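# Coordinate inspection notes
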Amino acid sequence: MKIVVLLKEVPDPNAVRYDPRLGDLVPGIQRVANEYDLYALEAALRLREQVGGEVIVASVGTARDALNRALAMGADRAVNLEGDGLPGDAWTTARALVAWLQREQPDVIWCGQETSDSGTGNVGPAVAAQLDLPLVSNVVGWEFRDGVFEIEREIEDGHQFQEVAPPVVLCALSALPQPRLPTLRGIMDARRKPVEHLTAADLGLSDEALQPLVQWEGLSQPVAKAAGVVVQDVPPDEAVERLLTFLESRGLLG
Amino acid sequence: MSQERVEVIVVGAGPAGVAAALTLARAGVEVVVLERGAYPGAKNVMGGILYRQPTEELVPGFWREAPLERAIVEQRYLLLTEEDALGVTYRTPAFGQPPYNAFSVLRAEWDRWFAQQAENAGALLATGVTVEDVLWEDGRIVGVRAGEQGELYADVVILADGANSLLAQKAGLTREWRPEEQALVAKELLRLSETEIERRFGVSAGHGVAIEAFGASTGGLLGYGFLYTNRDTVSVGTGALLSDLITHEVNVSDLLDRFKRHPAIAPLLEGAELVEYSAHLIPEGGWRALPTLFADGALVVGDAAGFVNPLSREGSNFAMISGKLAAETILEARAVGDFSAFALSRYWQKLEESFILPDLETIRNVTPFVHQRPYLLREYPEALTRAFQHYLTVDGTPKAQKYGTIIRELIRDLRPTRLLRDVLAGVFQLVR
C-alpha cells in the first residue's frame, strides 16, 4: 500500500511569543513538526506495519528538520515542495500537493486535522476535494480490515463510526496512539533515505495556479480581559456575603 | 541484529559538545551529536556572555554572521549593601569594534547557530534523544543507550551532558556532586526597547554593558548577581552555592527578586516585561571536584567536567575549548587506531597546556577562601559604602575632622590586621 503523510513544519508552540512592536511572532522561533501531523505519521507507520508498502512524507515550504524526524521515525522517503509562491495559503499548499499526489497516486493520504500555526484545517479537505477523494476528518481511531477502514471520528457530541475504502484522505487528532520516538537506528538510517526537492515549476504549476485566496493582514493580540473580583483568604461566611452583595449590586438576584 | 556504529558519539549539543563535533566533522570523522532537548539550546541556561577569542578558535570571523546581541563595551562591578552601591566601571571603545572582546548572546539562538556550523561540517545532530547510560564491553566504554530509542556504538563517547552530568556519574567517572560544588542560578529575560536600553545604559546601537554585583545582591550568601544587555532584552540573574541556599533556607528566585528591587538595579529594569524565566546549576567545584576526564573510550568536556571559572564567570569558553581539545585528542588517537585511556590521556596534557587546568588550579581556593570569610560580602561592602557616604556628604564638618572619622571607622570596621591577612592570603592564592 502506498501511504502519504502530509507534514508541516510550524513554529514551536511552546516557544511562540507575540511581539507587539513587530505585529508578528518574535523572529527566530525554532520550527518543529506539527503535532497532529506526527499522529498521522504514526498511524501511517502502523498501517504499513500491518499491510506492508511504503510511507512517503510530503511537506510544502521549509521542513528539513520535520522531514528528517519523520524519516527517523520510519518513513521511507520524503518530498519537499518549495520555492516561489510556496507555501502561500492553504489553497496553494493543497494545489501544490495535489499536483504531486496525482503523480504518486497513493492509496491513503494521512494528514493532521489542522496545524498549530494557521489552524485553518483546510489543507486536508482541499486536497480531498481537488482529487475527488472521500475525506474522514477528526479521526481518533481506526482499523484496516478486508480492504476497508473502520474509522472512529470525534464529533460535536460523541463519536461516529464510519467505513471507507481507499483511496481516502484521513485527518488525525491526537487521541490516536502517540507518535513513536525515533530510535538511534532510525536516526542513522534516515541519513541514507531519499529526500526529493520539487518546485512549482517541476510540478508544472503556473504562477496563476498558485495565486493565494487569503491575504494575511498581520497578527494582533486579543485585548486582555479584566481579572474580575477575586474573593480569597476570607472566611466562608464572609465570602458568601460578599458574593451575594456583588450579585445583588448587579441586579442578578431578581 | 547488527550494531549501529559511528566513529564518535557526542552526548549534549551545548557549546562543549558542538565544539567537539565541529572539530571532528571538519577532520572528516563520522560524528553524531545526541541532544535531549527538542533543539540545541532548548535546555541551556547561560548568563549570556560569549568571548570572541576562544570562539574564533572554532569559527573564525563568527561575529560577522552569528546571532549576537550586543558587543560588550563596558563592564561594571558593584558592591551592594541593602540600599547602597559602590562600583568600578571599565569602558573602552576598543571592545566595541572589530575584533571585539565579548558579546551578549541569547543561548537558544546562539546554540542553534553554533550547532548548525557543526551540521554544515558534516556532523549529524539528533535531537529529542535522551541518553540514559553508557555501554560497556570488556571494561571499555563502547557506546550509549537511550532507553527505548536503542543503542549506538562508537570508538569514543564524549560526555558533554552539562552540569550534574548523570552520565559521568553512571560511567563511574565522577562521584555525586556535593551541594557546595554547584551554584544554582535563576535568570530572567526582560524586554525593553532597543532605544530604551541604549538610553538607560548609555551605549550606542550594537553596544552593551555587563554588570556583575556582589554583596547584598545575594543577601550576603556566597554568590553574585548579574545583568547583561541584549539587543532588546536584558538578562538579569542571581546565583548562589546550593549548600548556602539550603543552609540559609533561601529560595534563589527570592534572591533574584531582591536583586531586581535593589535601588541601583531597579531603575534599569523599570517597565521591562518578563519574557522568560529559567534556572540552572553551574558546577563550581572546579579543581577539587574534577571528574576522571578520560577513560577507555570516553572523554568528559565542558560543564560535565566542571570546567567553569566562578571568579571570572567564564564557562562557555572553557566548554568550547575543552570540546576542541577532546576532538583533537581523538584525531590523534584515531591516527594510531588506539582509543584506550592511555591514548586519550593526551587530553589531560592538552588541558594543562591550555588555560583550562591552569585557571582551575589558580582559583582552586577562591570559593573556600570567600566561604571561610563570610564578612567579605557582608561587612566590607557596608564599611566601604558608609565611608563613601561620609566622604561625599557635605554637612559643614571640617574636612580634616571628616577624614579622621572616616579613617577611624574604616579601621574599626575593616580591622586592618584581618584585612591585611586576607589581602595577602588572597594575593597568594591567585599569583604565583
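Up top is the structure.
Quantities reported herein were computed from a predicted structural model and do not represent experimental measurements.

Thresholds, definitions, all that
Residues numbered from 1 in each chain as written. Chains lettered and ligands numbered in written order. Predicted model: local features only at pLDDT ≥ 70, side-chain atom pairs only at ≥ 80, totals over all residues. Heavy atoms only, no water. Helix = DSSP H or I, 4+ residues; strand = E, 2+ residues; numbered from the N terminus. Rg over C-alpha atoms; globule rule 2.2 N^0.38 Å. Contact = heavy atoms within 4.5 Å. Areas by Shrake-Rupley, 256 points an atom, 1.4 Å probe, with all protein chains shown as cover. Salt bridge = Lys/Arg side-chain N within 4 Å of Asp/Glu carboxyl O. Polar contact = N/O pair within 3.5 Å; in protein donor to acceptor, adjacent residues only side chain to side chain. Nonpolar A, V, L, I, M, F, W, Y, C, P; charged D, E, K, R; others polar. Pairing = 2+ DSSP bridges. Buried < 20%, exposed > 50% of the residue type's maximum accessible area, 1.4 Å probe, protein only. Axes fitted to C-alpha atoms, helices over the stretch in contact; angles between N-to-C directions.

### Some words on the overall build of chain A
Each helix and strand in chain A was counted, giving 6 helices and 13 strands. Taken against the 2.2 N^0.38 rule, which gives 18 Å for 254 residues, the C-alpha radius of gyration of chain A at 23 Å runs more than 25% over that of a compact globule. Along the three orthogonal principal directions, the C-alpha set of chain A runs to about 70 × 45 × 40 Å. Put simply, 69% of the contacts in chain A that link residues at least 6 apart link residues at least 24 apart. As displayed, chain A offers around 13500 Å² of accessible surface, 50% of which is attributable to carbon and sulfur atoms.

### Digging into the interface of chain B and chain A
Taken together, the contacts link 28 residues of chain B with 20 residues of chain A. Counting across the chain B and chain A interface gives 4 salt bridges. Of the charged contacts, one joins E30(B) and R191(A) as a salt bridge, the two residues approaching to 3.3 Å between their closest N and O atoms. Scanning the region where chain B abuts chain A turns up 7 residue pairs in polar contact (both at pLDDT 80 or more). Those elements giving two or more residues to the side of chain B that touches chain A turn out to be β2 (31–35), α3 (107–120), β7 (124–127), β10 (151–159) and β15 (273–283) of chain B. Counting residues per element, the side of chain B that touches chain A draws most heavily on α3(B), at 4 residues. When the residues that make up the side of chain B that touches chain A are grouped by side-chain class, the tally is 12 nonpolar, 6 polar and 10 charged.

### Considerations on the pairing of strand β10 (residues 148–155) of chain A
Residue and element names in this part refer to chain A. As paired strands, strand β9 (residues 135–145) and β10 are joined by 6 bridges and run antiparallel to one another. Following the sheet pairing, V139 is matched in β10 by R153. If you look at the hairpin formed by β9 and β10, you'll find 2 residues sitting between the two strands, and D146 has a positive phi there, around 50 degrees. In terms of strand pairing, β10 meets strand β11 (residues 158–164) through 7 bridges, oriented antiparallel. For E152, the partnering residue across the bridge sits in β11 and is F161.

### A word on unusual backbone geometry
A cis amide bond links P166(A) to the next residue, P167(A), at an omega of 0 degrees. Structurally, the position occupied by P167(A) is in the loop between β11 and β12 (168–172). Each neighbour pair has its own omega, and for P98(B) with P99(B) the value is 5 degrees, a cis peptide bond. Secondary-structure assignment places P99(B) in the loop between β5 (85–91) and β6 (102–104).

### Points about the side chain of E4(B)
Mapped onto the fold, E4(B) is located in the segment before β1 (5–11). Classification of E4(B) by relative accessible area gives buried; the value is 10%. Looking at E4(B), its side chain comes within polar contact range of the side chain of R185(A), at 3.3 Å. Aside from chain neighbours lying at most four places away, what touches E4(B) is R185(A), M188(A), D189(A), R192(A), E151(B), L152(B) and Y153(B).

### Section: the sheet that holds strand β7 (residues 77–82) of chain A
Residue and element names in this part refer to chain A. Read across the sheet, 9 strands follow the order β11-β10-β9-β12-β8-β1-β6-β7-β13 without closing on themselves; strand pairing throughout is mixed. Each edge of the open sheet is held by one strand with a lone partner, namely β11 and β13 (195–199). In this sheet, adjacent strand axes meet at a mean angle of 30 degrees when their direction is disregarded. Note: β9 against β12, 3 bridges, orientation parallel.

### With respect to the packing of helix α15 (residues 399–414) of chain B against helix α16 (residues 416–430) of chain B
Residue and element names in this part refer to chain B. Orientation of α15 relative to α16, taken along the N-to-C sense of each, is 65 degrees, at an axis distance of 6 Å. Of the residues in α16, those in contact with I411, D413 and L414 of α15 are P416, R418 and L419. Of the residues belonging to the contact of α15 with α16, the class tally is 4 nonpolar, no polar and 2 charged.

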